[in-house]
Amino acid sequence: MISQNKAVSDPAPPEVISSWRDARLLVTDEFESPPVILKVEDSVVCTLGNFSASTGKAKSKKTFNVCAIVAAALTNGTVLNYSASLPPGKGVILYADTEQSDFHCKRVLSRILRLAGLSLDVHPGNLVFLCLRKFATKDRLKKIEEAIYEIEGIGLVIIDGIRDLAHDINSPGESTDLITKLMQWTDERKIHIHTVLHLNKGDDNTRGHLGTELNNKAETVLQITKDDFDKDISCVTSSHIRDRDFEPFAFRINTEALPEPVEDYQPRKSGTAKAFDYTEVSEAKHREALELLFSDAAQVSYSLLIEKLQSSYAATGHSFGINKAKELKTFLENKRMIIKEDKHYRYNPDFVY
């Protein structure tokens, strides 16, 4: 143990000492609870100093959901089931869209203002909207960072299309660096960042290493899915939340092209089997099973892969039928735990879970 009063033997250079002392925590330190800026019913969804995400597959109405969040924050009111309360001095919102053209960004902006009940003739002073599709990846990230540090009174940042801030969402290093940026910005500026990220087509998991890192570090991850029986309805659930969970709610797009709540919504499930989910098997068991599968050969053909997946996972206590094993194979590919090369598959021990 390092004494409180004694100097450390063989002291390190001053800049190194400063770095570890900056991170030191004492039991006598006192901190205030982070201000809550967004709730669903009694569930805390967003606080200052943290980040969150909306996820969903293509056409699930993710941006419509985010528009409702921003509209609530603009007026410190309630839109859909979101109730916002940005504290004094933190009422400015930055919205960065990385995917859409200026024309379509203008439609999103207009939708937000109409949801908030604000005029379309005057731009609100507490909303800054950036259209970043035309810029290079590194320039998008730089412009968002500049805005975060230059705009006074900023409290909420929306990044609609965080995938476009990375060259490769399957790069562990690049994904970690980007999530570290979010943690740095939220901590230093005492803001909340809400991001938007797509789900894999074949399952309900966020895309790539970036999605995995986002799931691991986010305060809340909202999932927007189309109803199995009515494709005009989108359902909002929490796939991860640090606070108490909230009841799923739903919205549809009305004749004015705005999201409106579906009253007394009760989600129904079709008979379709659920895709493989990352919570079904622990990382340690995945590694154990895959190391066993590839212990005899570095590469396995598809014709043998499904059978070998069944036997190797059964050896670790997880028995799957053929259909479930095929879903597992898709999951492992999406997470780059196995990699297809030509007509064979190999194990990637450097995957990030």
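In the block above lies the structure referred to throughout.
Heads up: these notes are all about the structure in this document. What you are looking at is a predicted structure, and each value in this text was computed from that prediction instead of being measured.

So, about the pattern of salt bridges. Here the structure, examined in full by the defined rule, presents ten salt bridges. Across the pair K181 and E145 runs a salt bridge whose closest N-O atoms are separated by 2.7 Å. A residue pair is termed long-range when its members are at least 10 positions apart, and K181 in helix α5 (residues 172-189) and E145 in helix α4 (residues 137-150) qualify at 36 residues. Judged by relative accessible area, K181 falls into the partly exposed class, the value being 23%.

As for its position among the elements, R189 is in helix α5. Apart from residues no more than four positions distant in its own chain, R189 is found in contact with K90, I148, Y149, I151 and I154.

Here the focus is the pairing of strand β8 (residues 154-160). With respect to burial, β8 is a largely interior element, seven of its seven residues being buried. Pairing of strand β6 (residues 92-97) with β8 involves six bridges; the strand directions are parallel. Pairing of Y95 across the sheet is with I158, part of β8. Bridge analysis of β8 against strand β9 (residues 192-198) gives five bridges, and the strand direction is parallel. Opposite I158, over in β9, you have H194 as the bridge partner.

Turning next to the sheet that holds strand β16 (residues 344-347). Taken in spatial order, the three strands line up as β14-β16-β15 in an open sheet, and their pairing is antiparallel. The sheet is open, and its two edges are formed by β14 (299-301) and β15 (338-341), each paired on a single side. Taking the axes of each pair of neighbouring strands and ignoring which way they run, one obtains an average angle of 35° across the sheet. Alignment of β15 against β16, held across four bridges, turns out to be antiparallel. Each residue of the ladder has a partner; that of K340, found in β16, is Y345. Running at roughly 105° to β14, helix α8 (residues 302-315) makes contact with β14, β15 and β16 of the sheet.

As a rule of thumb, nonpolar side chains are buried together in soluble globular proteins. Counting residues in hydrophobic clusters, the biggest one holds 43 residues, and the most contacted among them are V70, Y82, Y95 and I112. Top contributing element to this core by residue count: helix α2 (residues 62-75), with ten residues. I112 has contacts with C67, V70, A71, L74, Y95 and F129, leaving out every residue within four places of it along the chain. By size, the runner-up hydrophobic cluster in this structure holds 28 residues, among which are A96, I151, L214 and A218.

Remark: helix α7 (residues 283-293) packs on α8, axes separated minimally by 8 Å, with the N-to-C direction vectors making an angle of 130°. What the angle tells us is that α7 and α8 run oblique. Regarding α7 and α8, the two cross each other, and that crossing is right-handed. Residues H286, A289, L290, L292 and L293 of α7 touch α8, and the partners they reach there are L305, K308, L309, S312, Y313 and A315. Across the contact of α7 with α8, the residue classes break down as eight nonpolar, two polar and one charged.

Take the environment of V352 next. The topology assignment puts V352 in the segment after β16. C-alpha separation for the pair V352 and T55, spaced 297 residues apart in sequence, amounts to 19 Å. Once you skip the residues sitting within four places of it in the chain, V352 turns out to touch P172, H209, T212 and E213.

We now examine a negative patch on the surface. A cluster of acidic residues, E41, D42, D245 and E247, forms a negative patch at the surface. For D42, the location among the structural elements is in the loop between β1 (36-40) and β2 (43-47). On the accessibility criterion, D42 (56% relative accessible area) is exposed.

Note: α-helices contain 3.6 residues per turn, so residues at a spacing of three or four share the same orientation. Across its 13 residues, helix α9 (residues 322-334) extends 19 Å between first and last C-alpha, which sits within 8% of the 18 Å expected from 1.5 Å per residue. Buried residues belonging to α9 abut α7, α8, β15 and β16.

Calculation notes
- Residues numbered from 1 in each chain as written.
- Predicted model: local features only at pLDDT ≥ 70, side-chain atom pairs only at ≥ 80, totals over all residues.
- Heavy atoms only, no water.
- Salt bridge = Lys/Arg side-chain N within 4 Å of Asp/Glu carboxyl O.
- Helix = DSSP H or I, 4+ residues; strand = E, 2+ residues; numbered from the N terminus.
- Buried < 20%, exposed > 50% of the residue type's maximum accessible area, 1.4 Å probe, protein only.
- Contact = heavy atoms within 4.5 Å.
- Pairing = 2+ DSSP bridges.
- Axes fitted to C-alpha atoms, helices over the stretch in contact; angles between N-to-C directions.
- Core = buried A, V, L, I, M, F, W, Y, C linked by side-chain atoms within 4.5 Å.
- Parallel < 35°, antiparallel > 145°, perpendicular 65-115°, else oblique.
- Left-handed = near helix turned anticlockwise from the far one by under 90°.
- Nonpolar A, V, L, I, M, F, W, Y, C, P; charged D, E, K, R; others polar.
- Patch = residues over 30% accessible without salt bridge, like charges linked within 9 Å, V, L, I, M, F, W, Y side chains within 5 Å.
- Areas by Shrake-Rupley, 256 points an atom, 1.4 Å probe, with all protein chains shown as cover.
- Lys, Arg positive; Asp, Glu negative; His and termini not counted.
- Charge placed at Lys NZ, Arg CZ, Asp CG, Glu CD.
- Expected span 1.5 Å × (residues − 1).

On their own, these measurements won't tell you what the molecule is for.
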